[in-house]
Amino acid sequence: MTDRLSFARALYDAVPLYDPKRTPVALDLTDNTNLWGLPPAAERTLRELPVARVTRYPSLYAAELKEALASFVGASAEHIVTGCGSDDILDSAMRAFGEPGSVVASSEPSFAMIPIFAQMNGLQYVGVTERRDHQPDLDALLAAQPRILYLCTPNNPTGALLARETLERAVREAPGVVFVDEAYAEFSGVSAIDLARRVNNLLVIRTMSKAFGLAGLRIGYGVGAPALVREVEKSRGPYKLNAVAEQMALAALRDDMDWVQEHVALAVRNRERLAVALRDRGYAPLASHANYVCVPVARAVDVGQALRARGVAARPFPGLPHVGDTLRISVGPWDLMQRFLEAFDDATADIYGTAS
Ligand SMILES: *Cc1c(COP(=O)(O)O)cnc(C)c1O
């Protein structure tokens, strides 16, 4: 136990350091990054980067990247704010729109960082259990009168897609701003960006950490009305996106789109193949629109540990509402999925005592 510093901010007493207890394993299927690797033009840019990119400061607000992202999503640069990962967009946006004590409401289960960012910013977090059909309980969320309403689609960890009419109603009826986290939108082919361009209270949050294979660079962005993203940008501050990240992201958006599309399609195909393989074993994976599969598995924490003992990591979610214990498995190349399935068969035989 460490001593409390008398001068530390009181609200940080209750803020934990994020620690998902990840010991390294041979095959890590816990974080939904791109298991096919780095897109080729981004890699070339990294190898050939002029030294001055590192010795000098990056651009203030990543203007060039905003232009490239705008054409990728079908908006203009004034609709875009970039950040150090979409985590930074979420954190900055909470700071931009929440007064101390304001309510941040989120459907649950969802992204584990939301209650933490709320707490870090002195906001009051309200979690509302999703409905049995894996849609948010919008009536209950709105009843909390949230200054910030967080929705995630496809949702992490279930993989469920938010119904368009629910999104439109949220934007119409929310008393404050609506955040729609689209970290996995490339795998679903569905986006709220068209709506974000028409209203002034919807911030769509995106990332290059998942489909683009650039998680280590920490590149996130928000899309919304110019006045909305300007507030997030103020809160974010200058120089937040590093210069190496900006150059690699530009290269990926300029020259790697075929690579990205091809691997998104492979992830979708292998996701369905993995779901079939799990169904063949008597499991009932949830319908996923992302690059992972969430499957109800009894004693998921024990199964997760048994998998780790076999060099494979998948993320257990104990006691999800309506479905119980689940494992969330990132999808990648099929040979890796086969390695997972072998370890899974072995681990479940071990845990349930039904030797195969
Ligand atoms: C991975 C993930 C993020 C974080 O992405 P970064 O851009 O790497 O910070 C945000 N939201 C959800 C739902 C995620 O799964």
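Just so it is clear, the model here is predicted, and its values are computed rather than measured.

## Some remarks on the sheet that holds strand S1 (residues 27-29)
Across a sheet, paired strands are connected by hydrogen bonds in the backbone, their directions being either parallel or antiparallel.
Thought 1: The mixed open sheet is built from 4 strands, whose spatial order is S1-S10-S11-S9. Pairing within the sheet leaves two strands with one partner each, and these edge strands are S1 and strand S9 (292-296). Strand after strand, the sheet turns through a mean of 30 degrees between neighbouring axes, direction not considered.
Thought 2: The pairing of S1 with strand S10 (residues 312-320) spans 3 bridges and is classified as parallel.

## What about the pairing of strand S6 (residues 177-181)?
Thought 1: Counting buried positions along S6 yields 5 of 5 residues, so the element is predominantly enclosed.
Thought 2: Across the two faces of S6 the burial is the same, with Val177, Phe179 and Asp181 and Val178 and Val180 all buried.
Thought 3: As a crossover connection, the stretch from strand S5 (residues 148-152) through helix H7 (residues 164-173) into S6 is right-handed.
Thought 4: Pairing of S6 with strand S7 (residues 202-207), which is carried by 4 bridges, proceeds in the parallel orientation. Opposite Phe179, over in S7, you have Leu203 as the bridge partner.

## Observations concerning unusual backbone geometry
Thought 1: Of the consecutive residues Thr153 and Pro154, the connecting peptide bond is found in the cis state with omega at -10 degrees.
Thought 2: One can find Pro154 in the loop between S5 and H7.
Thought 3: Omega for the bond connecting Asn156 with Pro157 falls within 30 degrees of zero, at 15 degrees, which places this linkage in the cis form.
Thought 4: Mapped onto the elements, Pro157 comes out in the loop between S5 and H7.
Thought 5: Here the phi dihedral of Asn32 falls at roughly 60 degrees; this positive angle occurs in a residue that is not glycine.
Thought 6: Counting through the fold element by element, Asn32 comes out in the loop between S1 and helix H1 (40-47).

## Focus on the pattern of salt bridges
Any two side chains of opposite charge can pair, on the condition that their charged atoms come close.
Thought 1: Under the criterion given, the structure shown has 22 salt bridges.
Thought 2: Salt-bridge contacts for Asp13 lead to Arg4; the nearest nitrogen and oxygen are separated by 2.6 Å.
Thought 3: Its relative accessible area of 42% is what places Arg4 among the partly exposed residues.
Thought 4: Linked through salt bridges whose partners overlap, the residues forming this network are Arg164, Glu168, Asp194 and Arg198.

## Quick word on the site of the ligand
Thought 1: Around the ligand lies a shell of 13 residues, among which Ser86, Tyr184, Thr207, Ser209 and Lys210 are the nearest.
Thought 2: Here an oxygen atom of the ligand and a side-chain polar atom of Asn156 are 2.9 Å apart.
Thought 3: Against a free-state accessible area of 390 Å², the protein chains account for coverage of 93% of the ligand.
Thought 4: The site holding the ligand turns out to be the largest pocket.
Thought 5: With 3 residues, helix H4 (residues 85-97) is the largest single contributor of residues to the shell around the ligand.
Thought 6: Its residues assigned to classes, the shell around the ligand shows 4 nonpolar, 5 polar and 4 charged.

## Concerning the packing of aromatic side chains
Thought 1: With the rule as written, the count across this model stands at 5 aromatic pairs.
Thought 2: Seen from their ring centres, Phe72 and Phe212 are 5.4 Å apart, and the 85 degrees between their planes marks the pair as edge-to-face. Highlighted residues: Phe72 in helix H3 (residues 63-73) and Phe212 in the loop between S7 and strand S8 (219-223), separated in sequence by 140 residues.
Thought 3: Under the relative-accessibility criterion, Phe72 is labelled partly exposed at 27%.
Thought 4: Through successive ring pairs, a cluster of aromatic residues spans Tyr283, Phe340 and Phe344.
Thought 5: In this structure, Arg328 is placed above the aromatic ring of Tyr292, and the distance from its NZ or CZ to the ring centre is 5.8 Å.

## Quick notes on empty space enclosed by the protein
Thought 1: Inspection of every chain in the model, using the stated rule, returns 2 cavities of 30 Å³ or more.
Thought 2: Every residue lining the largest cavity is counted, 14 residues in all, and those nearest its centre are Ser107, His134, Pro136, Cys152 and Asn155.
Thought 3: No other element matches S5, which puts 3 residues into the lining of the largest cavity.
Thought 4: Across the lining of the largest cavity, the residue classes tally to 8 nonpolar, 5 polar and 1 charged.
Thought 5: Taken together, Asn34, Trp36, Phe187, Lys210, Ala211, His263, Ala267 and Asn291 make up the lining of the second largest cavity.
Thought 6: A per-class count over the lining of the second largest cavity returns 4 nonpolar, 3 polar and 1 charged.
Thought 7: Each of domain 1 (10-35 + 258-352) and domain 2 (41-255) gives at least three residues to the lining of the second largest cavity.

## Here we look at the pairing of S10
Thought 1: Bridge analysis of S10 against strand S11 (residues 324-330) gives 4 bridges, and the strand direction is antiparallel. Across the sheet, the residue bridging to Pro316 is Leu327, located in S11.
Thought 2: Counting the residues between successive antiparallel strands, the hairpin from S10 to S11 contains 3 residues, one of them, His322, with a positive phi of roughly 70 degrees.

## Quick look at the nonpolar core
Thought 1: Residues Leu65, Leu149, Leu202, Met208 and Ile219 are the most contacted members of the largest nonpolar core, which totals 57 residues.
Thought 2: The dominant element in this core, judged by the number of residues it contributes, is helix H11 (residues 243-255), at 7 residues.
Thought 3: If we ignore the near neighbours within four places in the chain, the residues touching Leu202 are Leu167, Val171, Val178, Val180, Ala192, Leu195, Ala196, Val223, Gly224 and Leu228.
Thought 4: In this structure, Val293, Leu327, Val331 and Leu341 belong to the second largest nonpolar core, which totals 27 residues.

Procedures and definitions
Residues numbered from 1 in each chain as written. Predicted model: local features only at pLDDT ≥ 70, side-chain atom pairs only at ≥ 80, totals over all residues. Heavy atoms only, no water. Pairing = 2+ DSSP bridges. Helix = DSSP H or I, 4+ residues; strand = E, 2+ residues; numbered from the N terminus. Axes fitted to C-alpha atoms, helices over the stretch in contact; angles between N-to-C directions. Buried < 20%, exposed > 50% of the residue type's maximum accessible area, 1.4 Å probe, protein only. Right-handed = clockwise from strand over helix to strand, strands pointing away. Salt bridge = Lys/Arg side-chain N within 4 Å of Asp/Glu carboxyl O. Near = heavy atom within 4 Å. Polar contact = N/O pair within 3.5 Å; in protein donor to acceptor, adjacent residues only side chain to side chain. Areas by Shrake-Rupley, 256 points an atom, 1.4 Å probe, with all protein chains shown as cover. 1 Å grid on protein atoms, 1.4 Å probe; cavity = no way out; pocket = protein on both sides within 12 Å on 5 of 7 lines; lining within 4 Å. Sits in = over half its atoms within 2 Å of the grid points. Nonpolar A, V, L, I, M, F, W, Y, C, P; charged D, E, K, R; others polar. Phe/Tyr/Trp six-rings, centres within 6.5 Å; stacked < 30°, edge-to-face > 60°. Lys NZ or Arg CZ within 6 Å of the ring centre and 35° of its normal. Points joined across faces, edges and corners; volume = space filled by probe spheres on them. Domains from an automatic or database assignment. Core = buried A, V, L, I, M, F, W, Y, C linked by side-chain atoms within 4.5 Å. Contact = heavy atoms within 4.5 Å.

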